[in-house]
Structures are given as structure tokens and as C-alpha cells.
Amino acid sequence: MAMTKQQQLQGFEAELIQLDNSPDPLHTWISYISWARSALQKDQIVQLLERCIGKFIGESRYLEDARFVRLCVTHADALGDYHAAEEALRKSRTAGVGSRSALIYEAHAIVLEKLRAFAKAETVYAEGKSNEAQPLKRLEQRWEEFRGRMKRRVERQRKHESRSVHRKALSSVEKNAAPIEPSPPPQKVRKRGEEDKPISRKLAFGTEDSSDMTINTKLAMQDVDAMFNSPLPFEEHKENSSSEDNRMLEEKANIDQRLAVNKSPGIGFQIYSDGNEPRPMPQDKEKAAIINPYSMEVRVRVEESLAEWFAQQGNYYVVDIAPEIEVGRTSIIGEELRSDGVSVAVQKLRSDTDFRFETFRRSRVYDVSVDDARMTMIVQNPADPWELYLLRQLSRQSQGISIPRAVGLYDAESKSYLLCSAYPNLSLSQIYQNERLSKALLCFVVAEVLAILENCHACGIIHGALTSDTILLKGTSIHDAGVLLVHFSLGVDTTIH
């Protein structure tokens, strides 16, 4: 008869009592912890790890034992908080644990980097190399990767500062600048023949949940969706139209009235406090600043002006045919004998969405395989290369941002096919609909999404369609819940408006 969980727990505890004469008591503790990680709750596992570390941290025979070093790192990771993890690792290193082990230096430096203590992280890597921690080659590689991230971070800051100075200079001369007549739209460049670059055939991608609902998650997420789905107060500016001006001013007054709700006494917070409410923009400047970046006319004009940019992209192709994509079928995009043709095996349809401009545009998202590599394909009707542009701009200006990686775009007259790195299987809306979203996971997702948006806005790009359906998660646990923000087809590049 199989033992129950409680009987197994009692058996391990009984073994611990009899360890006084054991030549290797740590072995029994490791067996106990290995069983507990799949059988007990997270807080019980943390307590068990703390008991084990507290018992053996004073024994010199285990300070350089790889098993004990790994237990100390596992304990820090299980705490689920960077500050607590940093304190635990610092105490372990102070006690002499793993002074010759690269693992504990790497773990401590990573946590310090997450806490933005970059100078301390650099010091930890240096100490590990000075102590010749093994494997030394791996430690040096991690150190070099860290320095690369720091270098890119400094470059991003310089670009951001340079962009800010440039915008201030432009705004200072904009007042007296003469209007510029728009140049005729350039002809769309079609990449044909031997000079076309083939899509890469070698692709590789590197990417205890509490079920109790501690807050009314569904209602909260519905409120968030409603907020982001509300229309932006943008309208096309029309000269010599007093009725249009009046309507815009009335709409602004309505927005101000909604904001003023939070200024009444008794509300827990204030958007504007008395005395620091922004002054209204003069009417002539306000009209000049109003434009609708979601207007189809504006979008087409911008995309035509970027025709030369699209033609220069290594994985942007203009094709003659627009095949119908069917689940379970293999489709050839482009001419089969041409070097830029690609064969995709369509596995499933992920979503089918209509986006509203002045007309409906359908965007279908599929899971596909290209040369046995799993990817995601976005089919847009009518054709729209805009998402490729935004994803490329973000990937070049902000390293490590959690967005899809644009692999290639096939642009036909009636449809476009955008190949991206594979999307995770779960969206935020799917998780909370199944009531699997804990308060801790929700807080984690909000923090991650805000970090992604901060990176986007630093590059001058607005997502434009932020809902719980465009936030994808790799898992439902804090430890594996990486966040990916998708669907940039409605995004806005503020640097060209």
C-alpha cells in the first residue's frame, strides 16, 4: 500500500533524528528537500531549506561542497524577493560558503543587477575571478555578458538624452518655421531577383501558483481593459472650420471634467492637487498639436514615406501572390523557386481580430513551423508593414525588451505575412477567465508591463492596443511567468508625427 504524503513526511523527519552517527548527513537532507519540492507548499520548502542551511553552515566540511552551495542558491531563489535573496546570498558568502564556486558569485551578481546595484555586481564578479572560482571560464563569460549589458544601457541613456535635446531644439525653432509642402510619395520598391536575401533557415529562440483569488481579479481586469479601450481624444485638424474647433474644445472639456472627479474631497488620491493643475494650452497651439495617428489616411502617408526604409530591410519581401492560409496545411509564400519564398506549416489559429480605423482590417495570428522552427505568423488584410517597422525600431533602440522578434515580412498587394518568434500560449485574459490569477502574479505582470511600456515610450513608440489579450505569459507561476507584449499593429511612432 502506497504511503500518504503525511506518512512520507513523518518518515523523513524520523530519519533526521537518527543522523548523529551518519558519515554524510547532508545526503539525507537533500533527499528530503528533493521530495518536498514536488510534495509541499512553497513556504514549507523555504522553511526546510532554512533548517538545512542553519544546521550545516557552521561545518567547514560543507562550505565548499557543491551540493550545499546549490542549496544556498536554491533557498535564495525560493524566497521570491530580490532584496531577501540578496541578503541570503550575502550572509552565505560572508559565512564562507562557496568561496571557490562560480555558482554563488553568479547568483549574487544577477540579483544585484536586478536591484540595479550595478557597481556591487561588478565587484562580486571581480571577487569571484580573484578567488579563481570554478568553473572560471563560465564566470568570466557571465562577467563579460554583464559588461555588455552595462555598455548597451549607457548607450541607450545617451541616445535618450540626445533625443531629448534634439526635440527641445526642434520645438524652439518650430514656432517660426515656414510650412513645408509634402513631397510626392515615393514609389514602393519591390525586391526581386538575385539580390533578394533569403530568410534564415537556421532559427533559434532563447525564452506554486496559489489558486485562491485574493482580489476580484475579473472585475479589476475588465476595468483595465475598458480604460485602455476608450478612444483617444485625437481628431484630424481642419483649417477654417469653427464647428470642428468647437467640437474639439467640448471634447477636451469633457476629459477635464472626468479628471476633475478625482479632485473632490474624500477621494484617496488626486490626479491634480490645488495649485499645480496645468494651464490650458492656447487655442492656436492646441489645434496645431491635434492629429489622429490612427487615421488610415495618416497611416498610409507615413508608410509611403518609409518605402525606402522597408526596401532596405534584409527580411522584407514584396511578393506577387497572397495565399489563403489554412490550419493543417503547408503554404508557400512567394514563388516557390525564388530564393525569398518560404514554406510554412500552419499548426493552429490563435486569434482572429478586426481592428477599426475608417474601415475594418482583419488580423489573424497563427502558430506555424518554418524548417521545424516554431514561430508565429500574423496575416493582415489589407497588407500592412507597420508592425515590422515598430518591432525593428524597438529591437534596435532597446536591447532585451520583452516584445516579439520580427523574423521577416512578406508583403503582397492584398495581404501581408509577418513571421515572428513564437508567442507564449497564455494571454492574461485567458488566465483570469479561468480564475488562476493570484494577487502576487497580477502584481508581477503589472510591474513587467509597466517596464516594457517605459522602454517603448523611451524610444518614442506608443503600443496603442494595450489590453489583457495583448499581454502574453509563459506560465502561471511567479517563477516562470515571463511577460511578452504583442500586437503592435496599432502602435504610434511619435518621432515621425
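Quantities reported herein were computed from a predicted structural model and do not represent experimental measurements. (Residues numbered from 1 in each chain as written. Predicted model: local features only at pLDDT ≥ 70, side-chain atom pairs only at ≥ 80, totals over all residues. Heavy atoms only, no water.)

Quick notes on the overall build of the chain
- Broken down by element type, the chain carries 17 helices and 12 strands.
- Across the 497 residues in the chain, those meeting the buried criterion constitute 40%.
- Accessible area for the chain stands at about 28,900 Å²; split by element, carbon and sulfur atoms hold 51% of it. (Helix = DSSP H or I, 4+ residues; strand = E, 2+ residues; numbered from the N terminus. Buried < 20%, exposed > 50% of the residue type's maximum accessible area, 1.4 Å probe, protein only. Areas by Shrake-Rupley, 256 points an atom, 1.4 Å probe, with all protein chains shown as cover.)

Things to note about helix α8 (residues 118-130)
- Between the first and last C-alpha of α8 there are 18 Å, a value that for 13 residues agrees with the 18 Å anticipated at 1.5 Å per step.
- For α8, the complete set of buried residues consists of Phe-118, Ala-121, Val-124, Tyr-125 and Gly-128. Buried residues of α8, seen end-on, are gathered within an arc of 115° and therefore sit on one face of the element. Exposed and facing more than 90 degrees away from the buried side of α8 are Ala-119, Lys-120 and Ser-130.
- Once α8 ends, the next one or two residues include Glu-132, with phi positive near 55°. (Expected span 1.5 Å × (residues − 1). Arc of directions from axis to C-beta.)

Concerning the nonpolar core
- Core analysis: the largest hydrophobic core is formed by 48 residues, its most contacted members being Trp-35 and Phe-68.
- In this view, Trp-35 contacts Lys-5, Gln-8, Leu-9, Phe-12 and Leu-40; residues no more than four positions away in its chain are not counted.
- In this structure, Leu-390, Cys-459, Leu-472 and Leu-484 belong to the second largest nonpolar core, which totals 41 residues. (Core = buried A, V, L, I, M, F, W, Y, C linked by side-chain atoms within 4.5 Å. Contact = heavy atoms within 4.5 Å.)

Comments concerning the packing of aromatic side chains
- Taken as a whole and judged by the stated rule, the model has 10 aromatic pairs.
- With 6.4 Å between their ring centres and 10° between their planes, Tyr-125 and Trp-143 make a pair best called stacked. Note that Tyr-125 is positioned in helix α8 and Trp-143 in helix α9 (residues 136-174), a separation of 18 residues in sequence.
- By relative accessible area, Tyr-125 is classed as buried at 1%.
- Residue class for Trp-143 comes out buried when judged on its relative accessible area of 12%.
- Each residue in the set Phe-12, Tyr-32 and Trp-35 is aromatic and connected to the rest through ring pairs, giving one cluster.
- The ring of Phe-56 has Lys-55 sitting right over it, with the charged end atom 6.0 Å from the ring centre. (Phe/Tyr/Trp six-rings, centres within 6.5 Å; stacked < 30°, edge-to-face > 60°. Lys NZ or Arg CZ within 6 Å of the ring centre and 35° of its normal.)

Observations regarding helix α3 (residues 42-56)
- The terminal C-alpha atoms of α3, which comprises 15 residues, lie 22 Å apart, in line with the 21 Å expected from a rise of 1.5 Å per residue.
- Regarding α3, the residues found buried are Ile-45, Val-46, Leu-48, Leu-49, Cys-52, Ile-53 and Phe-56. Considered in projection along α3, the buried side chains sweep an arc of 165° and stay on one side of the axis.
- Tucked inside the fold, the buried residues of α3 contact α2 (25-39), α4 (60-63) and α5 (66-78).

Observations concerning the pairing of strand β7 (residues 416-421)
- The buried fraction of β7 is high, at six of six residues.
- Where strand β6 (residues 406-411) folds back onto β7 in an antiparallel hairpin, the turn is made up of four residues. (Pairing = 2+ DSSP bridges.)

Comments concerning the sheet that holds strand β11 (residues 483-485)
- What the three strands build is an open sheet, ordered β8-β10-β11; its pairing is antiparallel. Of all the strands in the sheet, the pair left with one neighbour each is β8 (426-427) and β11.
- As defined by bridge partners, strand β10 (residues 471-473) adjoins β11 across three bridges and the pair is classed as antiparallel. Paired with Leu-473 across the strands is Val-483, a residue of β11.

A word on the pairing of strand β5 (residues 373-381)
- With respect to burial, β5 is a largely interior element, seven of its nine residues being buried.
- Relative to β7, β5 runs antiparallel, the two being bridged by six bridges. Residue pairing in the sheet places Val-379 in a bridge with Tyr-417 of β7.

Thoughts on the side chain of Arg-392
- Summarising the element assignment, Arg-392 is placed in helix α15 (residues 386-397).
- This buried residue, Arg-392, is left without a salt bridge; Glu-387 holds the nearest opposite charge, at 12 Å. (Lys, Arg positive; Asp, Glu negative; His and termini not counted. Salt bridge = Lys/Arg side-chain N within 4 Å of Asp/Glu carboxyl O.)

What about the environment of His-108?
- Within the fold, His-108 resides in helix α7 (residues 102-114).
- The exposure class of His-108 is buried, given its relative accessible area of 4%.
- His-108 sits 35 residues away from Val-73 along the chain, and the two C-alpha atoms are 8.6 Å apart.
- In contact with His-108, not counting residues within four places along its chain, are Glu-86, Leu-89, Arg-90, Arg-93 and Val-124.
- Of note is the side chain of His-108, whose polar atom sits 3.0 Å from the side chain of Glu-86. (Polar contact = N/O pair within 3.5 Å; in protein donor to acceptor, adjacent residues only side chain to side chain.)

Focus: the pattern of salt bridges
- The final tally for this structure, using the stated rule, is 17 salt bridges.
- Note that Glu-127 and Arg-93 form a salt bridge whose closest N and O atoms lie 2.3 Å from each other. Taken together, the residues span a long stretch of sequence, with Glu-127 in helix α8 and Arg-93 in helix α6 (residues 82-94) at a distance of 34 residues.
- Glu-140 is the salt-bridge partner of Lys-129, the closest N and O atoms lying 3.9 Å from each other.

Section: the confidence of the model for the chain
- Of all residues in the chain, 68% have pLDDT values of 70 or greater, and the mean over the chain is 75.
- Averaged pLDDT values over the elements of the chain bottom out at 44 in helix α12 (residues 283-289) and peak at 94 in α8.
- Low pLDDT (under 50) marks residues 191-215, which in the prediction has 60 contacts with non-local residues, meaning those over four places away or in another chain.
- When the criterion is pLDDT under 50, residues 258-289 qualifies, and its contacts beyond four places in sequence or with other chains add up to 21 contacts. (pLDDT = per-residue confidence, 0-100.)

Concerning unusual backbone geometry
- In this model, Gln-134 is joined to Pro-135 through a cis peptide bond whose omega is -5°.
- With respect to the helices, strands and loops of the structure, Pro-135 is situated in the loop between α8 and α9.
- Positive phi, close to 65°, is recorded for Arg-116, a residue that is not glycine.
- Owing to a relative accessible area of 55%, Arg-116 belongs among the exposed residues under this scheme.
- For His-487, which is not glycine, the phi torsion reads 60° and is therefore positive.
- Inspection of the secondary structure assignment puts His-487 in the loop between β11 and β12 (492-493).

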